[in-house]
Amino acid sequence: MPCIKDLLAGLAQTQEVTVRGWVRTKRELKNIVFLDVYDGSCFNGIQCAFERADPDAEAALASLSTGCSVAVKGKIAPSLGAGQAVELAASSVELIGSAPAETYPLQKKQHSFEFLRENAHLRARTNTFGAVARVRSRLAFGVHQFFQERGFHYVHTPIITASDAEGAGALFQVTTLDLAALAASGKAPDYRRDFFERPGYLTVSGQLEAETYASALSRVYTFGPAFRAERSNTTRHLAEFWMIEPETAFADLEGVMRLAEDFLKYLFGLALRECADDLAFFDSRIKKGLAASLRAALEAPFTHITYTDAVAELEKNAGAFTFKPFWGCELQSEHERFLSEQAAKGPVVITDFPQEIKPFYMKQNDDGKTVRAMDVLVPRLGEIIGGSQREERLDRLESRMAALGMNSGDYAWYLDLRRYGTVPHGGFGMGFERLIQYVTGMANIRDVIPYPRAAGQADF
Ligand code: 4AD
Ligand code: MG
């Protein structure tokens, strides 16, 4: 059975075809009725044209409204209408499931994204969310293509873990202890009696485990869910998001940055080529100039600047910010956007951050103050990628962990990588939703994942 994408591409030149899908609109003219039917296989639906002569067809058409599911029989014919090469000269239509107009939440008119978030179970039926879903699917596959073509092996790192890789403390605890009973008895939880016989958490990152596999297979990547109990109610943070984390052995920061740039450019190019119709929609209806900005990002080399130089640049423009920049500060979203939008006018890679604002595992520079970290910032969004070269020297790693008051016993397995056959290595993490935001121009991260999870929000 051909899908609408095949029919529109002229791939199915069968005489009589049946189109199965949902009615987007019905337009009734004097002698003809047009149904726009879509099945989600591509951005466009197919126009089904009914001659108004047949009383049976007339009765069937009268029962159809936006949102109902149908099977339409007819022949593919050249279309006279603008915007489509072919249409279906329809002979009959069968109603599969009705969608009563009095109650169906999605009518023809435009709905706000807030309204659609509350109706997230239906929003994939709209042009915008159908397009987001297709781009997401294509780019997820593209992530695998990129790495597999370059000899990287896909590793499944655990979702439940006992370690806080990023040291940020934004962990969701996983427990089978009876919390209500504990609270009632006023007793402190005894984690030896918990499921894992120790506290367990949802992972914030698969990096540390990915490093163990990179220390054996040289090039690996993860692509899985990550969880952060950050209360930050922003348009760029989710409590549950998908992250891609490549890790490469025998690599320094330059190698990591090259990989990150190639990776982003590959995905931008893929989206422009293979999601052209969806991107044309985003360009005209969601974010003007989107395709041009992706093309520009793809063609020019990314700008590079050290954190120290970036802060100096920000300090020169301190008046523009609510949060005054200073050496040692975390870059705020307004700083990140300034650096990419105003200073670099495109993607910018910031390197060599202060050690104090980065996790324990990053390679220490000789200045005793900074680490071999890099963040890739893009216009509209700020950080899209964060990564680093890792500290491969056992003594340096141990002294950093001690300085941070970390229990090295908990990380004995991680330290073994440095104890046995250590190599320079590094990698990065890219938030998949941030990528989809950048490529589609969607302003809110909650609109690029089917069912967003954020503080106070876990519906569906
Ligand atoms: O910069 P982050 O915290 O780095 C790590 O997790 C490292 N372990 C990565 C590595 O070197 N292997 O997160 C990486 C990326 C960010 O740049 C951002 O794109 C995304 O993950 N990210 C989030 N996306 C959505 N919601 C959140 N709460 C996110 N936190 C991070
Ligand atoms: Mg980061």
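These notes cover the structure that comes with them. (Residues numbered from 1 in each chain as written. Chains lettered and ligands numbered in written order. Predicted model: local features only at pLDDT ≥ 70, side-chain atom pairs only at ≥ 80, totals over all residues. Heavy atoms only, no water.)

Some words on the nonpolar core
Note the cut-off: Nonpolar cores were defined as sets of buried Ala, Val, Leu, Ile, Met, Phe, Trp, Tyr and Cys residues, with membership established by side-chain atoms within 4.5 Å. Only protein chains enter the accessibility calculation, which uses a 1.4 Å probe; a residue whose area is less than 20% of its type maximum is buried, one above 50% is exposed, and one in between is partly exposed. Each helix is a run of H or I in the DSSP string that is no shorter than four residues. Each strand is a run of E no shorter than two, and both are numbered from the N terminus.
Counting residues in each nonpolar core, the largest one holds 82 residues, and the members touching the most others are Leu 139, Met 374, Ile 384 and Leu 435. Sorting elements by how many residues they give to this core places helix 7 (residues 253-274) first, with 13 residues. Counting 28 residues, the second-largest nonpolar core is a separate cluster that includes Ala 310, Phe 338, Leu 339 and Val 348.

Examining the sheet that holds strand 3 (residues 46-51)
Across a sheet, paired strands are connected by hydrogen bonds in the backbone, their directions being either parallel or antiparallel. The cut-off we apply is this: Each pair of strands is called paired provided DSSP finds at least two bridges between the two strands. Every axis in this analysis is a line fitted to C-alpha atoms, fitted for helices over the stretch in contact. Angles between the N-to-C directions lie between 0 and 180 degrees.
With mixed pairing, five strands are arranged side by side around a closed barrel as 1-2-3-5-4. The average angle at which neighbouring strand axes cross in this sheet is 55 degrees, direction not considered. Note: strand 3 against strand 5 (residues 86-97), two bridges, orientation parallel. The partner of Cys 48 across the bridge, within strand 5, is Leu 88.

A look at the environment of Ala 412
Residue position: Ala 412 is located in helix 13 (residues 412-419). On a C-alpha basis, the gap between Ala 412 and Thr 18 in space is 62 Å, while along the polypeptide they are 394 residues apart.

Some words on the site of ligand 1
Heads up, the rule is: We define proximity as follows: a residue is near a molecule or strand when any one of its heavy atoms falls within 4 Å of that partner. N or O atoms within 3.5 Å of each other form a polar contact, as long as, within protein, one can give a hydrogen and the other can take it, and as long as residues adjacent in sequence are counted only when both atoms are side-chain atoms. Amino acid classes used here: Ala, Val, Leu, Ile, Met, Phe, Trp, Tyr, Cys and Pro are nonpolar; Asp, Glu, Lys and Arg are charged; the rest, including Gly, are polar.
Neighbouring ligand 1 are 24 residues, the closest being Glu 166, Gln 207, Arg 228, Glu 245 and Glu 383. At a separation of 3.0 Å, a nitrogen atom of ligand 1 approaches a polar side-chain atom of Glu 230. Taken together, the elements giving at least two residues each to the shell around ligand 1 come down to strand 11 (240-249), strand 15 (382-389) and strand 16 (425-431). Examining the composition of the shell around ligand 1, we find that five residues originate from one element, strand 15, more than from any other. The residue makeup of the shell around ligand 1, split by class, is eight nonpolar, eight polar and eight charged.

A few points about unusual backbone geometry
The phi dihedral of Ser 218 falls on the positive side, at around 70 degrees, and the residue is not glycine. With respect to the helices and strands, Ser 218 occurs in the loop between helix 6 (207-217) and strand 10 (219-227). Take Ser 218: its relative accessible area is 28%, and that puts it in the partly exposed class. One non-glycine residue with positive phi stands out, namely Phe 460, at about 70 degrees. Topologically, Phe 460 is positioned in the segment after helix 14 (432-440).

Quick notes on the environment of Tyr 414
Heads up, the rule is: The criterion used for residue contact is that any of the two residues' heavy atoms lie within 4.5 Å.
In this structure, Tyr 414 sits in helix 13. Relative accessible area serves as the criterion here: at 0%, Tyr 414 is assigned to the buried category. For the pair formed by Tyr 414 and Lys 30, sequence separation is 384 residues and the distance between their alpha carbons is 74 Å. Apart from residues lying up to four places away in sequence, Tyr 414 is in contact with Gln 207, Leu 208, Glu 211, Phe 360, Tyr 361 and Leu 397.

Let's talk about the sheet that holds strand 10
Here eight strands make up an open sheet; going across it, the order is 6-10-11-16-15-14-13-12 and the pairing mixed. Of all the strands in the sheet, the pair left with one neighbour each is strand 6 (153-154) and strand 12 (303-306). Bridge analysis of strand 15 against strand 16 gives five bridges, and the strand direction is antiparallel. Among the inter-strand pairings, Gly 386 is bridged to a residue of strand 16, identified as Gly 429. Lying over the sheet, helix 10 (residues 307-316) contacts strand 12 and strand 13 (348-354), oriented at roughly 90 degrees with respect to strand 12.

Structural notes on the packing of aromatic side chains
Both the distance between ring centres and the angle between the ring planes are used here to describe each pair of aromatic rings. Note the cut-off: Under the pairing criterion, centres of Phe, Tyr and Trp rings, with the six-membered ring standing for Trp, must be within 6.5 Å; the plane angle then separates stacked pairs below 30 degrees from edge-to-face pairs above 60, leaving the rest tilted. The rule for a charge over a ring is simple: NZ of Lys or CZ of Arg within 6 Å of the ring centre, and within 35 degrees of the ring normal.
On inspection of all chains with the given rule, the structure shows 25 aromatic pairs. Between Tyr 154 and Tyr 221 the ring centres are 5.2 Å apart and the planes differ by 15 degrees, which places this aromatic pair in the stacked class. Residue Tyr 154 is located in strand 6, and its partner Tyr 221 is located in strand 10; the two are separated by 67 residues in the primary sequence. Taken together through their ring pairs, the aromatic side chains of Phe 146, Phe 147, Phe 152, Tyr 154, Tyr 221, Phe 263, Tyr 266 and Phe 428 make up a single cluster. Across from the ring centre of Tyr 38, 3.9 Å away, lies the NZ or CZ of Arg 24, which sits over that ring. Cation over ring: Lys 369 sits above Trp 327, and NZ or CZ is 5.3 Å from the ring centre.

Section: the state of the cysteines
Under the convention used in this document: Two cysteine sulfur atoms make up a disulfide if the distance between them is within 2.5 Å.
All chains considered together, the criterion is met by zero disulfides. Sulfur of Cys 48: no disulfide; nearest cysteine sulfur belongs to Cys 68 and is 11 Å away. Accessibility expressed as a relative area gives 0% for Cys 48, which makes it buried. Cys 275 takes part in no disulfide bond, and the closest cysteine sulfur, belonging to Cys 42, lies 12 Å away.

Structural notes on the side chain of Lys 265
You can see Lys 265 is positioned in helix 7. Leave out the neighbours within four places in its chain, and Lys 265 touches Ala 297, Leu 298, Ala 300, Pro 301 and Phe 302.

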